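Descriptive structure summary
Residue-level listing of the chains:
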Protein chains: 4
Amino acid sequence: MSHNSFGHLFRVTTWGESHGPAIGCVVDGCPPGLALTEDDIQPFLDRRRPGQSKFVTQRQEPDRVRILSGVFGGLTTGTPIALQIENEDQRSRDYGDIADSFRPGHADLTYHLKYGVRDHRGGGRSSARETAMRVAAGAIARKVLGTGVSIRGALVQIGAEAVDRAAWDWAVVEQNPFFCPDPATASRWEATLTAARKSGSSLGAIIEVQATGVPPGLGAPIYGKLDAEIAGALMSINAVKAVEIGDGFAAAALSGESNADEMRMAPDGTVQFLSNHAGGILGGISTGQPVVARFAVKPTSSILTPRLSVDRHGQDVEILTKGRHDPCVGIRAVPVGEAMLACVLADHVLRHRAQVPDAPTTTRLPRN
Amino acid sequence: MSHNSFGHLFRVTTWGESHGPAIGCVVDGCPPGLALTEDDIQPFLDRRRPGQSKFVTQRQEPDRVRILSGVFGGLTTGTPIALQIENEDQRSRDYGDIADSFRPGHADLTYHLKYGVRDHRGGGRSSARETAMRVAAGAIARKVLGTGVSIRGALVQIGAEAVDRAAWDWAVVEQNPFFCPDPATASRWEATLTAARKSGSSLGAIIEVQATGVPPGLGAPIYGKLDAEIAGALMSINAVKAVEIGDGFAAAALSGESNADEMRMAPDGTVQFLSNHAGGILGGISTGQPVVARFAVKPTSSILTPRLSVDRHGQDVEILTKGRHDPCVGIRAVPVGEAMLACVLADHVLRHRAQVPDAPTTTRLPRN
Amino acid sequence: MSHNSFGHLFRVTTWGESHGPAIGCVVDGCPPGLALTEDDIQPFLDRRRPGQSKFVTQRQEPDRVRILSGVFGGLTTGTPIALQIENEDQRSRDYGDIADSFRPGHADLTYHLKYGVRDHRGGGRSSARETAMRVAAGAIARKVLGTGVSIRGALVQIGAEAVDRAAWDWAVVEQNPFFCPDPATASRWEATLTAARKSGSSLGAIIEVQATGVPPGLGAPIYGKLDAEIAGALMSINAVKAVEIGDGFAAAALSGESNADEMRMAPDGTVQFLSNHAGGILGGISTGQPVVARFAVKPTSSILTPRLSVDRHGQDVEILTKGRHDPCVGIRAVPVGEAMLACVLADHVLRHRAQVPDAPTTTRLPRN
Amino acid sequence: MSHNSFGHLFRVTTWGESHGPAIGCVVDGCPPGLALTEDDIQPFLDRRRPGQSKFVTQRQEPDRVRILSGVFGGLTTGTPIALQIENEDQRSRDYGDIADSFRPGHADLTYHLKYGVRDHRGGGRSSARETAMRVAAGAIARKVLGTGVSIRGALVQIGAEAVDRAAWDWAVVEQNPFFCPDPATASRWEATLTAARKSGSSLGAIIEVQATGVPPGLGAPIYGKLDAEIAGALMSINAVKAVEIGDGFAAAALSGESNADEMRMAPDGTVQFLSNHAGGILGGISTGQPVVARFAVKPTSSILTPRLSVDRHGQDVEILTKGRHDPCVGIRAVPVGEAMLACVLADHVLRHRAQVPDAPTTTRLPRN
């Protein structure tokens, strides 16, 4: 069962509410003998941390992670790794007015109808704060994958404004507050988002994540397909409404000739693909090409514009969400998307070597 | 673990290869006391069955399902329901030439690299034939959901040609070989697909599936989110490359005001949403509105045009896929998508009542 | 969830009722490339088959197993292996009188209360017939374990009469109808069981199963302990009421000195234990010593002596179970116990190599 | 997967080492709306707490539990409940001499062989300290079960000395440091254990746990059998080597007439059993009678008598375990056994109502 757990052999269970004393997770199944300290995790949390620019929530959380178990003498021991972050800047008073009313676009009503009782403060369990633990777990997943696998992400669209893929530069991604790979678009977004923020509005976004160095063979034929699990993982991130792999929706408009990636033998005896429409996955199993996924994040529902809603007593109300919010939650979803991709891949590395311990790690084929 | 199983409490395990003696599935966790015979399942299989028009594969399979266990005196007994379909029209000779070569866009290479050994005939386990068992399981899932929940689907795009949503008529869906909801578009597609078929090409497609009458409260907060599991389920269908819920990717271009669905109290004491951008799911939990999902199917990779590839001996080859193929596999994906949606919902109905047996089944709130 | 599935990475799902058309199972997660045909499975089924002596049920079932998927060219393909056995000798008429009454010691009442509807014929799903599929799956598990691991079992007690362990001879086990390792006891049991059978009674039994050649390191620390999963596996066999590992209940009466197995280095650099009170498992993880487990099977509840019971209409009745029954169901539980041990070990071999691919396969330690 | 998690719908994941900063668990799937505070959990921890008599370890741990999530306004919210206990009295120096040597009867060698690296301090993850979190989770499980279900346990044997069942008095259980139900035996054990402790030895024990008020219908037919899961749960407790249900091993010596529990209709329309050899479970499903299980705990392996062993460098050594140890770990296993039984039952209550929401809660049958 997977209410609050993710993965099978590399299994992450998260807990905690936005305004509770702490949030945490347990990573079970991590192989032993991996060097791991808080310093391996903290940089990824820092990328996701709130309060770093005026384009994200002003909540101040140092998000200091502690490892409480599963590591001894600087090495993982194969036992469960418990991670924990204290919540420090919990201004519950900001949320008093939403204790009874249901914010449009939020999980307030659905939690109320499902559970009858809910921790309304900052969205409680449904807060994007939970994603901090995904990022922490993702850092451990990267350790499992090893340095041969590289996972990175970028924001490719805010509102209706997409990046110029011809100008893509990974180095630029870390040089602007948007994880934008293209400097001209980053400037444009700055104006766009500032306008949205000033008008009390918000904007959606599209994120692209990629993994290179992925060995072939990860994934399973039918319901454990690598792409199916990536889709589920990315869709489980707060506010995500769409996921695609490789060409994604655009593949619908292609012909068979233009979509299927042709192959040739490379001089080194490996199979080379002449294109990557598939996004690195065929039949649910990795091909060895880069795994490429994109996902859409809806605009922040917490906005300063009054909205029609109802309250728990069955009265019509108008609601205006004060407090500290991201004008574009898609920005901080970049490190979260990377983390989820890392977790899915780590899980499948373990699953693959359980069933096929001697599987090839490249696409090399025998020459006759 | 979910290599070949799907769902948690309503759990479907499928088995079988395209050209083996039979395919089958085991449905575990179905509640007892539901009336069930082969006649409840066969009509859904007939919708997916090959050979029904010139726009789908000409393989002739009656796809007669047999119930081998779990039903007694016409009622489910709560024990596992085994379903089985004999494979009858297995022309393995059609596939002799792909025993050694890897068809572009297919799972041939990835299965070979992962497993070392594979049943190449018709794609073996990776064949879309497996989806017949999904459709069969979906028919049982509908029984679990009861008549109050209605699940249906339509093809909304072939190649670059989308339906006219203003002309949408569900009755039309069953009146053309494309599950097209709009008669004018159906005529257009007939020409388009005929041209594609004659030129030895193929086309992709987009399918929309909807569930109405879904009670609120289905889904779980974090990794058991209803939308995450729908995304994983749809992405696990052969050839699917993208999934979206509600407004999906289009939500990225919206502002917070235009995206979040406002609410008002209806005279009957229920909460009414003024729009459904969310596709019936907030915070991973159903709102009571229609659940709406779309998914993209890539163009059939088996085409009559020669393609560059390699063989298992590491030689460059040209490959041209003869045999009987769907010029647009998206067509027969409609009943499969419906079935997967039914299975996810049935699973969540069981999960929901395990944790919250007294949950409300409507959005009715107390009036003060 | 594990209603009708067993294991995690080597996962067995069974289906079928005693008097339905067939019984079957799906084995998912089996590694690819293992040689497998029906001939690898049939001998184990033949050991469990009814009708082979007057001491077991006279139901005549050839129990011919068919492999329906997952094997190609004589090798496992890594995809699910479906196995099936037709039910042939279903004399449903024998069971007409128990459609309405609940046999003492059987699952009739509990199925009725739980499910409301049940297939009463021969016990339906609760029949020991299901164990045939465990034996079939166990044959595949042995393939996963390889020839280095040997699993065998023996009956060590019938009624109050235990074998003479000093006279234990594994060769004798296959030479009598009781799987008795000691010829003198086998003769004694023949008289005892004949008397029980003639008086319309039945007897319980204790079975011992052993695995030798088990590598160290199988098992997981807490809830995936090897002994915990063996206990659950053996207790899931029909009519089993007790399980013990190593010294088992007798360990309660030992002192710490007499119970804990001491160790010395062997000349070959491996660790040798000086005794095996632990039954080959410490802290839930295999030590490399033989894994030893015993389990108790209650006496057959279907006897020819009238018993007090009730019927589904709430009336007191007397019930006398006619039909064909084992006077000691413990006998045929020997191959079932072996199979369950094989399945648990195979599952843990896969789990172990997922998490610790380079783990040592012997107890060899470095010499300084 | 269940390395460090237990249960399916009521799912407990524990983490932490004996001498790490803390231990904890996450309880996922708990229904919403249950009143829960630390005060509901602490009394059960206090029963298991070390240092309470001279017959248990002298480690001083207040074992104060904190609830970190999943409860709001005193009610469970349906989201994961994180529990945590700080480790306070971690005298790691006591364990310096076992960093390199493997204590007989402990998991030292098996962890070393499996993982290569281990937290040796106090046994690390394999320490019985982990069972504190089982007891904490068990307290929540009791909330799920409600006041109608009563779970209690007693020590029924220490070494070779069993209680006098004719003198059983539940009130006595809480009045002596052994959870002994019979005052005369408690006195005898005091002398026996004092002698064992003084001689640097230890003793094994047998515990009995019972649940009354269990509704019929809990459990599942084959691999989710209630007795199978109880067996796995109890066997997963540290040092447990044997488990039995109802008459257990003694059932082997019974005849069918003496073992199967007869039934009569009671005046109130419920089915009454005339005996309870089955221990409240038939066919893996609860009958409504008390569920009765017993398990054996081996003698503490940490004793003051020198023992033969080896070290990680492959040298023969003698080892004598200093530090603070229980002369009979079976004593503190009583609340742990109760907790595991509570967790299994809570899990099955949720599973049962998922599949059969309208199941009867008593054995009442219709009268004609």
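Going by the annotation in an unreviewed UniProt entry, the name recorded for chain A is Chorismate synthase, with Humitalea rosea given as the source organism. For the record of chain A, the UniProt heading Pathway (unreviewed entry) holds the text "Metabolic intermediate biosynthesis; chorismate biosynthesis; chorismate from D-erythrose 4-phosphate and phosphoenolpyruvate: step 7/7." Recorded in UniProt under Sequence similarities (unreviewed entry), the annotation for chain A is "Belongs to the chorismate synthase family."

For chain A, the helix and strand inventory stands at 8 helices and 18 strands. Compactness check: chain A gives a C-alpha radius of gyration of 21 Å against a globular reference of 21 Å for 368 residues, within 12% of the reference. By principal-axis analysis of the C-alpha atoms, chain A measures approximately 75 × 50 × 35 Å. Taking all 368 residues of chain A together, 69% fall into the buried category.

This paragraph deals with the relation of the copies chain A and chain B. Once chain A is rotated about the relating axis by 180° and shifted along it by 0.0 Å, it coincides with chain B to within an RMSD of 0.0 Å. The operation mapping one copy onto its partner corresponds to a two-fold rotation axis. Considering only C-alpha atoms, the residue of chain A closest to the rotation axis is Gly232 of chain A, which sits at 2.2 Å. Comparing interface residues between copies, 100% of those in chain A also lie at the interface in chain B; the contact surface is shared.

Residue and element names in this part refer to chain A. The positions UniProt marks with the feature "binding site: NADP(+)" (unreviewed entry) are Arg48 and Lys54. Taking the relative accessible area as the measure of exposure, Arg48 reaches 2% and is therefore buried. Setting aside residues up to four positions removed in sequence, Arg48 forms contacts with Asp63, Ala128, Arg129, Thr131, Ala132, Val135, Arg332, Pro335 and Val336. Position of Lys54 among the secondary structure elements: in the loop between α1 (38-48) and β4 (65-67). Owing to a relative accessible area of 42%, Lys54 belongs among the partly exposed residues under this scheme. Apart from residues no more than four positions distant in its own chain, Lys54 is found in contact with Thr194, Arg197 and Pro327.

Across the boundary between the two partners, chain A contributes 120 residues, which contact 120 residues of chain B. Summing both sides of the interface, chain A and chain B together bury roughly 9500 Å²; the carbon and sulfur share of this comes to 61%. By the criterion of area lost to chain B, the three top residues of chain A are Lys114, Tyr223 and Lys241 of chain A, representing 10% of everything that side buries. On inspection of chain A and its partner chain B, the count reaches 4 salt bridges. We note a salt bridge from Arg264 of chain B to Asp316 of chain A, for which the minimum N-O separation is 3.8 Å. Counting across the interface, chain A meets chain B through 49 residue pairs in polar contact (both at pLDDT 80 or more). Among the elements that line the side of chain A that touches chain B, the one with the most residues is helix α2 (residues 108-115) of chain A, at 7 residues. Its residues placed into classes, the side of chain A that touches chain B shows 56 nonpolar, 41 polar and 23 charged. In the sheet, strand β11 (residues 240-245) of chain A pairs with strand β11 (residues 240-245) of chain B via 3 bridges, with the strands oriented antiparallel. Bridging across to β11 of chain B, Ala242 of chain A finds its partner in Glu244 of chain B.

Let's shift gears to the confidence of the model for chain A. Per-residue pLDDT for chain A averages 94, and the proportion of residues at 70 or more is 96%. Across the interface, the model reports ipTM at 0.96; the global pTM reads 0.97.

Moving on to the relation of the copies chain B and chain D. By a simple turn and slide, chain B fits onto chain D: the slide is 0.0 Å along the axis, the RMSD is 0.0 Å, and the turn is 180°. Here 100% of the contact residues of chain B are again contact residues in chain D; the copies associate through an equivalent surface.

Once that is clear, we can look at the interface of chain B and chain D. In this assembly, 15 residues from chain B lie in contact with 15 residues from chain D. Note on chain B versus chain D: buried area summed over both sides is about 1000 Å², and carbon and sulfur give 63% of it. Ranking the residues of chain B by area buried against chain D places Arg353, Ala354 and Gln355 of chain B at the top, with a combined share of 47%. There are 0 salt bridges connecting chain B and chain D. At the surface where chain B touches chain D, the tally comes to 6 residue pairs in polar contact (both at pLDDT 80 or more).

This next bit is on the UniProt feature "binding site: FMN" (unreviewed entry) in chain A. When the UniProt feature table is mapped onto this chain, "binding site: FMN" (unreviewed entry) is found at Arg125, Ser126, Ser127, Asn238, Ala239, Gly283, Lys298, Pro299, Thr300, Ser301, Ser302 and Arg324 of chain A. Owing to a relative accessible area of 1%, Pro299 of chain A belongs among the buried residues under this scheme. Those residues in contact with Pro299 of chain A, other than ones at most four positions away along the chain, are Ser202, Leu203 and Gly204 of chain A together with Ala251, Leu254, Ser255, Gly256 and Asn259 of chain B.

Right, let's talk about helix α8 (residues 333-355) of chain D for a bit. In this model, α8 of chain D (23 residues) spans 33 Å end to end at C-alpha, consistent with the 33 Å of a helix rising 1.5 Å per residue. Most of α8 of chain D is tucked away: 22 of the 23 residues are buried.

Right, let's talk about the side chain of Ser201 of chain A for a bit. Looking at where Ser201 of chain A falls in the secondary structure, it is placed in the loop between α5 (183-198) and β10 (205-212). On the basis of relative accessibility, which here comes to 11%, the residue Ser201 of chain A falls in the buried class. Leave out the neighbours within four places in its chain, and Ser201 of chain A touches Ala196, Ile303 and Pro327 of chain A together with Ser255, Gly256 and Glu257 of chain B.

A separate point is the sheet that holds strand β3 (residues 22-28) of chain B. Ordered by their spatial adjacency, 5 strands build an open sheet running β1-β2-β3-β7-β4 (chain B), and the pairing between neighbours is antiparallel. Since the sheet does not close on itself, it has two edges, and those belong to β1 (5-6) and β4 (65-67) of chain B, each with one partner.

So, on to the nonpolar core. Among the nonpolar cores identified, the biggest contains 363 residues, and Phe10 of chain A, Phe10 of chain B, Phe10 of chain C together with Phe10 of chain D are the most heavily contacted of them. Excluding anything up to four places from it in sequence, Phe10 of chain D contacts Val27, Asp28, Cys30, Ala137, Ile140, Ala141, Val144, Cys343, Ala346, Asp347 and Leu350 of chain D.

The subject of this paragraph is the environment of Asp108 of chain D. Residue and element names in this part refer to chain D. Here Asp108 lies in helix α2 (residues 108-115). Separated by 16 residues in the primary sequence, Asp108 and Gly124 have C-alpha atoms spaced 9.3 Å apart. Those residues in contact with Asp108, other than ones at most four positions away along the chain, are Ser101, Phe102, Arg103 and Arg118.

Right, let's get into the packing of helix α1 (residues 38-48) of chain C against helix α3 (residues 131-145) of chain C. All names here are of chain C. Taken N-terminus to C-terminus, the directions of α1 and α3 make an angle of 140°; their axes are 9 Å apart at the nearest point. Here α1 is positioned oblique relative to α3, judged by the angle of their axes. Handedness of the α1/α3 crossing: right-handed. Contacts between α1 and α3 involve Asp40, Ile41, Phe44, Leu45 and Arg48 on the former and, on the latter, Thr131, Ala132, Val135, Ala136, Ala139, Ile140, Arg142 and Lys143.

A word on the packing of aromatic side chains. The full count for this structure, using the stated rule, is 22 aromatic pairs over all chains. Seen from their ring centres, Phe55 of chain C and Phe178 of chain C are 4.9 Å apart, and the 45° between their planes marks the pair as tilted. Here Phe55 of chain C, found in the loop between α1 and β4 (65-67), pairs with Phe178 of chain C, found in the loop between α4 (170-173) and α5 (183-198); they are 123 residues apart in sequence, far enough to count as distant. With a centroid separation of 5.2 Å and 65° between ring planes, the pair formed by Trp168 of chain C and Trp170 of chain C is classed as edge-to-face. Every member of this aromatic cluster is reached through a ring pair, and the members are Phe55, Phe178 and Trp189 of chain A.

What counts as what
- Residues numbered from 1 in each chain as written.
- Chains lettered and ligands numbered in written order.
- Predicted model: local features only at pLDDT ≥ 70, side-chain atom pairs only at ≥ 80, totals over all residues.
- Heavy atoms only, no water.
- UniProt positions renumbered as here; feature names shortened; annotations may be inferred.
- Helix = DSSP H or I, 4+ residues; strand = E, 2+ residues; numbered from the N terminus.
- Rg over C-alpha atoms; globule rule 2.2 N^0.38 Å.
- Buried < 20%, exposed > 50% of the residue type's maximum accessible area, 1.4 Å probe, protein only.
- Least-squares fit on C-alpha atoms with pLDDT ≥ 70 in both.
- Contact = heavy atoms within 4.5 Å.
- Buried area = accessible area lost by both parts, 1.4 Å probe.
- Salt bridge = Lys/Arg side-chain N within 4 Å of Asp/Glu carboxyl O.
- Polar contact = N/O pair within 3.5 Å; in protein donor to acceptor, adjacent residues only side chain to side chain.
- Nonpolar A, V, L, I, M, F, W, Y, C, P; charged D, E, K, R; others polar.
- Pairing = 2+ DSSP bridges.
- pLDDT = per-residue confidence, 0-100.
- Expected span 1.5 Å × (residues − 1).
- Core = buried A, V, L, I, M, F, W, Y, C linked by side-chain atoms within 4.5 Å.
- Axes fitted to C-alpha atoms, helices over the stretch in contact; angles between N-to-C directions.
- Parallel < 35°, antiparallel > 145°, perpendicular 65-115°, else oblique.
- Left-handed = near helix turned anticlockwise from the far one by under 90°.
- Phe/Tyr/Trp six-rings, centres within 6.5 Å; stacked < 30°, edge-to-face > 60°.

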